[in-house]
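Working through the structure, step by step
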Amino acid sequence: MSSGKKDGWGSSLGVILAVTGSAVGLGNFLRFPGLAAKYDGAAFLIPYFIALLLVGLPIAWSEWAMGRFGGQRGFNSCPGIFRAIWKSRASPYLGVLGLIVPVVIYMYYLWIESWCLGYALKYLTGSLSLGSEKAAYTDHFSSYVGIAADGAFFDQGLALPVLCLLACVALNFFIIYRGLSGGIEKVCLWGMPLLVLCALFVLIRVLTLGTPDPAHPERNVVAGLAQMWDLRGGVPGLLKSLANAEMWLAAAGQIFFSLSVGFGVIINYASYLKKRDDIALSSTTAVAGNEFCEVSLGGLITIPAAFLFLGAAGAVGGTFGLGFQTLPMVFDRMPAGQLFGFLWFFLLFIAAVTSSLSMLQPAIAFFEEGLGLGRRGSVSLLGFITLMGTGIVVWFTKDLAALDAMDFWVGSFGIFVLATIQTLLYGWVLGPKRGREELERGALLPIPRIFDFVIRYVSPVFLLTVFILWLHQSWASNWQAIQTQPSVRIALVFVLAVIILFVLLIAHAVRTWEARERKTA
């Protein structure tokens, strides 16, 4: 068992919004619409929802069940929870991924969060009206983040980009220091409704634009929605789209990352629940809230807005290209664009904050229960580690090489591995019987019996298949980056050093837990 005062949630709504907030981020409003536009609109939704049912929702249920199971045995961190589930010397060390994944993702996600804040402030002051040429917005983004050369971000001195980054650091650690109910829960109770309100305002503006350019009558709201939601080419077009293995891979990956499964966050959040708190309805509601933000809001705003002003070619792009280069050009042409540009980037900032906060809590929990540190000591130690990592990311800015390396090896590779481990732990170690007992205790929603079969057999196979295909597609370019770019090697050596540090800390924690158990035996 752990020692120290037990943290906890103030309400069921608080934990639901906190879990939803951890999942809702830039991927909901930028990555999902971009993928749907790229992969033939509504056809993309078929593999997307199949992946939701076979992987996303089952893993979410299993993480909530394992989290509360570990929490009732005195553990809130992934190493402790894994140890409570599987009585093996290896189990707590497998849990290192539940610390590394959120901590390393936080290191670069914090920087992206600061971009959203900076762009929101620029719209608030009217300094982001750069004309109708995309090159101006591309050059502005490159200058803002320092893509041209390593160290270019800091060449700006104490300008807005650096000040926004410092503000985000201070804000995140101020909130996380206040704990679950006093910090994360309060932010999510206010932040998630505010995020949805901002999104609804922007959505109403997009849906009421009509045909903004008379010279292009084909660029109207209905056509913009069709770009996102239509089945292109009828049944033959649908069958052709569904035969594209790359689309299935992209859809599964989007579900995987969007719900934050395999992230180490949900299992930590669920560990603070009481023995008879509902987790069946709460977990399902959190998934539904994320899907509403992604499909209903993100899918109705981003692509239709870009199509109305820029046509089909402008409605496709990567997360950064679409979000920080294409959409600012759209807002410049939109009536009252300065207001709606501010609302857009402000909602992205809120989404980023609720996500980044969740990334800090798993390591804080481990420091408290495994090392016996208080809140101040835990926050200080984690702050030191993450600031060094963020410093590496924002120094090696050329072509965002360090960011991309961390995102691939931890934010993609690491998440896949952790989710697979958690699925196998639930299905084959905790087992369907004990797992279902945990899910059904205090449940306000029945979990279908087929879930036991899916999580034990279907989800692991689905995960491993997607993982192998994805790795086959992405391995070569990322391995080449290690060989040719010193900044990538430096970033990954730092990640490896953090992994070794956490493994050593876990070894210390295990000795502490074993000594405590011998004393109480």
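Structure's up top.
Attention here is on the structure that accompanies the text. (Residues numbered from 1 in each chain as written. Predicted model: local features only at pLDDT ≥ 70, side-chain atom pairs only at ≥ 80, totals over all residues. Heavy atoms only, no water.)

**A closer look at the overall build of the chain**
Test applied: Secondary structure is summarised from DSSP: a helix means a run of H or I of at least four residues, a strand means a run of E of at least two, and numbering begins at the N terminus for each. Computation of the radius of gyration draws on C-alpha atoms alone. For the globule rule, the value is 2.2 Å times the number of residues to the power 0.38. To sort residues, take the accessible area from a 1.4 Å probe on protein chains only and compare it with the maximum for the residue type: under 20% means buried, over 50% means exposed, and anything in between is partly exposed. Contacts between residues were defined by any pair of non-hydrogen atoms, one from each residue, lying within 4.5 Å. Methods summary: accessible areas were calculated by the Shrake-Rupley approach with a probe of 1.4 Å, and residue burial reflects only the protein chains presented. In summary, the charge assignment counts Lys and Arg as positive and Asp and Glu as negative, without counting His or the chain termini. For charged residues, the charge sits on one atom: NZ in Lys, CZ in Arg, CG in Asp, CD in Glu.
Tallying secondary structure elements over the chain gives 21 helices and zero strands in all. For the chain, the C-alpha radius of gyration of 23 Å lies close to 24 Å, the compact-globule estimate for 521 residues. Taking the principal axes of its C-alpha atoms as reference, the chain extends roughly 80 × 55 × 45 Å. Residues classed as buried in the chain amount to 59% of the 521 residues present. Partitioning the contacts of the chain with sequence separation of at least 6, the portion at a separation of at least 24 is 83%. Per element, the accessible surface of the chain, about 19600 Å² overall, is 68% carbon and sulfur. Each charge class in the chain can be summarised by its mean position, and for the 35 positive and 29 negative side chains these summaries are 11 Å apart.

**Topic: the pattern of salt bridges**
Stated precisely, the cut-off is as follows: Note on definitions: salt bridges are taken to be side-chain nitrogens of Lys or Arg within 4 Å of carboxyl oxygens of Asp or Glu.
Counted under the stated rule, the structure contains eight salt bridges. For Arg-83, the salt bridge identified is with Glu-517, shortest N-O distance 2.8 Å. Of this pair, Arg-83 sits in helix H4 (residues 78-85) while Glu-517 sits in helix H21 (residues 486-520), and the two are 434 residues apart along the sequence. You can call Arg-83 buried: its relative accessible area is 13%. One salt bridge in this structure joins Arg-436 and Asp-452, with 3.0 Å as the shortest N-O distance. Residue Arg-436 is found in helix H19 (residues 413-440), and its partner Asp-452 is found in helix H20 (residues 450-484); the two are separated by 16 residues along the sequence. Each member of the pair, Arg-436 as well as Asp-452, is classed as buried. Each of the salt bridges in this network shares a partner with another, and the network as a whole consists of Arg-436, Glu-440, Arg-449 and Asp-452.

**Quick notes on the packing of helix H2 (residues 26-38) against helix H12 (residues 245-258)**
Heads up, the rule is: An axis is simply a line fitted to the C-alpha atoms; with a helix, the fit covers only the stretch in contact. Between two such axes, the angle follows the N-to-C directions and lies from 0 to 180 degrees. Oblique is the label for every angle not falling under 35 degrees (roughly parallel), over 145 degrees (roughly antiparallel), or within 65 to 115 degrees (roughly perpendicular). Ten residue types, Ala, Val, Leu, Ile, Met, Phe, Trp, Tyr, Cys and Pro, are classed as nonpolar, four, Asp, Glu, Lys and Arg, as charged, and the remainder, Gly among them, as polar.
At their nearest, the axes of H2 and H12 sit 11 Å apart, and the two run at 170° to each other. Looking at the two axes, H2 sits roughly antiparallel to H12. Residue-level contacts link Gly-27, Asn-28, Arg-31, Phe-32, Leu-35 and Lys-38 of H2 to Glu-246, Ala-250, Gly-253, Gln-254, Phe-257 and Ser-258 of H12. Split into classes, the residues belonging to the contact of H2 with H12 amount to four nonpolar, five polar and three charged.

**Remarks on the packing of H4 against H19**
In plain terms, the rule: In a left-handed crossing the near helix is turned counterclockwise from the far helix by less than a right angle, and in a right-handed crossing that turn is clockwise.
Where H4 contacts H19, the two axes come as close as 10 Å, and the packing angle between them is 35°. Both H4 and H19 take part in a crossing whose hand is left-handed. Across the interface between the two elements, Cys-78, Phe-82 and Ile-85 from H4 touch Leu-418, Ile-421, Gln-422, Leu-425, Val-429, Leu-430 and Arg-434 from H19. In terms of residue class, the contact of H4 with H19 is built from eight nonpolar, one polar and one charged.

**Some remarks on the packing of aromatic side chains**
Defined as follows: We call Phe, Tyr and Trp rings a pair once their centres come within 6.5 Å, taking the six-membered ring for Trp, and we label the pair stacked below 30 degrees between planes, edge-to-face above 60, and tilted otherwise.
According to the stated counting rule, one finds 42 aromatic pairs in the structure shown. Between Tyr-48 and Phe-49, the aromatic rings sit 5.1 Å apart at their centres with planes inclined by 85°, giving edge-to-face as the arrangement. Ring centres of Tyr-123 and Phe-331 lie 6.0 Å apart, and the angle between their planes is 85°; on these two criteria the pair is classed as edge-to-face. Of the two residues, Tyr-123 sits in helix H6 (residues 97-125) while Phe-331 sits in helix H15 (residues 319-333), which places them 208 residues apart along the sequence.

**Some words on a negative patch on the surface**
The test is simple: Each patch is built from salt-bridge-free residues with over 30% relative accessible area, joining like charges within 9 Å and nonpolar side chains (Val, Leu, Ile, Met, Phe, Trp, Tyr) within 5 Å.
A surface patch of negative charge is lined by Asp-150, Asp-399, Asp-404 and Asp-407. For Asp-399, the location among the structural elements is in the loop between helix H17 (375-395) and helix H18 (401-409).

**Overview of the environment of Leu-99**
Within the element layout of this structure, Leu-99 appears in helix H6. Separated by 266 residues in sequence, Leu-99 and Ala-365 have C-alpha atoms that sit 9.6 Å apart. Other than its neighbours up to four places away in sequence, Leu-99 contacts Pro-79, Pro-362, Ala-363, Phe-366, Phe-502 and Ile-506.

**Looking at the side chain of Arg-436**
Under the convention used in this document: Under the rule applied, a polar contact is a pair of N or O atoms within 3.5 Å (in protein, one hydrogen donor and one hydrogen acceptor; residues adjacent in sequence only if both atoms are side-chain atoms).
Classification of Arg-436 by relative accessible area gives buried; the value is 5%. Within the structure, Arg-436 has its side chain in polar contact with the backbone oxygen of Ile-447 (distance 3.1 Å).

**Some points on a positive patch on the surface**
A cluster of like positive charges, contributed by Arg-73, Lys-87, Lys-275, Arg-276 and Arg-434, occupies part of the molecular surface. Counting through the fold element by element, Lys-87 comes out in the loop between H4 and helix H5 (91-94). Take Lys-87: its relative accessible area is 71%, and that puts it in the exposed class.

All we've got here are geometric facts, nothing functional implied.
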